Amino acid sequence: MWFITFNGYVISNPSNATVNFPIKPVDDILTMPELAGRPLFYFYSSFKSKMKDNWMGGTLDLGCATDEELDYAVEQIKKGYDIFQQYKGLLKETIVDHCELAPQVKCTTFSNGRKTICNYGKSPYTYKGITIPAESFKVI
């Protein structure tokens, strides 16, 4: 409900589970374009000693203690940046419709007429002649 009400007015991240979204499960990754979320990246977001209690949404985290960890983190931030580039123009648009086109396929329509079609499923989905690969999205 938050995004339907405030998208276009308040730029925000969909949830704590979508922080560091490129390293998260596909459902969290696709939530970002579905709701035109603002990407957030934290190093060492799992600062608690018990990972199961991590408020950032799981056991996955970015670190920079070694060159390898830093290289991986930078790769993931760049991956998030590339995903964001595809839908960044929607952050200042209001959401005028949000629906499920098929099981595991969601469509968000924005005030500028653009749509994000997010396919959470395991097989491709075709929308008006445009194929959205499995576990992927397109801005139309």
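Just above, that's the structure.
It should be emphasised that the depicted structure is a prediction, and the values quoted were computed from it without experimental measurement. (Residues numbered from 1 in each chain as written. Predicted model: local features only at pLDDT ≥ 70, side-chain atom pairs only at ≥ 80, totals over all residues. Heavy atoms only, no water.)

Mapped onto the fold, Tyr127 is located in strand β4 (residues 125–127). Discounting residues that sit within four places of it in the chain, Tyr127 has contacts with Leu101, Lys115, Ile117, Ile132 and Ile140. (Helix = DSSP H or I, 4+ residues; strand = E, 2+ residues; numbered from the N terminus. Contact = heavy atoms within 4.5 Å.)

This part covers helix α2 (residues 26–34). One full turn of an α-helix is made of 3.6 residues, so residues set three or four places apart face in the same direction. Most of α2 is tucked away, with seven of its nine residues classed as buried. Here α2 has its buried residues at Asp28, Ile29, Leu30, Thr31, Met32, Pro33 and Glu34. Buried residues belonging to α2 abut α3 (67–87), β1 (95–102), β2 (105–110), β3 (115–119) and β6 (136–139). (Buried < 20%, exposed > 50% of the residue type's maximum accessible area, 1.4 Å probe, protein only.)

Okay, the packing of aromatic side chains next. Going through the model one piece at a time under the given rule, you end up with three aromatic pairs. Ring geometry for Phe21 versus Phe41: centroids 5.9 Å apart, planes at 35°, classification tilted. Placement of Phe21 in the loop between α1 (2–6) and α2 and of Phe41 in the loop between α2 and α3 is noted, with a sequence separation of 20 residues between them. Here Phe21 falls in the buried class, since its relative accessible area comes to 0%. Ring plane angle 90° and centroid distance 5.4 Å describe the contact between Phe84 and Tyr87, whose orientation is recorded as edge-to-face. Taken together, the residues span about one helical turn, with Phe84 and Tyr87 both in helix α3 at a distance of three residues. The exposure class assigned to Phe84 is buried, which follows from its relative accessible area of 18%. Through a chain of ring-to-ring contacts, three or more aromatic side chains come together here, namely Phe84, Tyr87 and Phe137. Taking the ring centre of Tyr120 as reference, the NZ or CZ of Lys106 above it sits at 5.6 Å. (Phe/Tyr/Trp six-rings, centres within 6.5 Å; stacked < 30°, edge-to-face > 60°. Lys NZ or Arg CZ within 6 Å of the ring centre and 35° of its normal.)

With that settled, consider the sheet that holds β1. What the four strands build is an open sheet, ordered β1-β2-β3-β6; its pairing is antiparallel. In this open sheet, the two edge strands, each paired with only one partner strand, are β1 and β6. Ignoring strand direction, the axes of neighbouring strands in this sheet form an average angle of 15°. Note that β3 and β6 share four bridges and pair antiparallel. Across the sheet, residue Ile117 finds its bridge partner in β6, namely Lys138. Relative to β3, α2 is tilted by about 170°, and along the sheet it contacts β1, β2, β3 and β6. (Pairing = 2+ DSSP bridges. Axes fitted to C-alpha atoms, helices over the stretch in contact; angles between N-to-C directions.)

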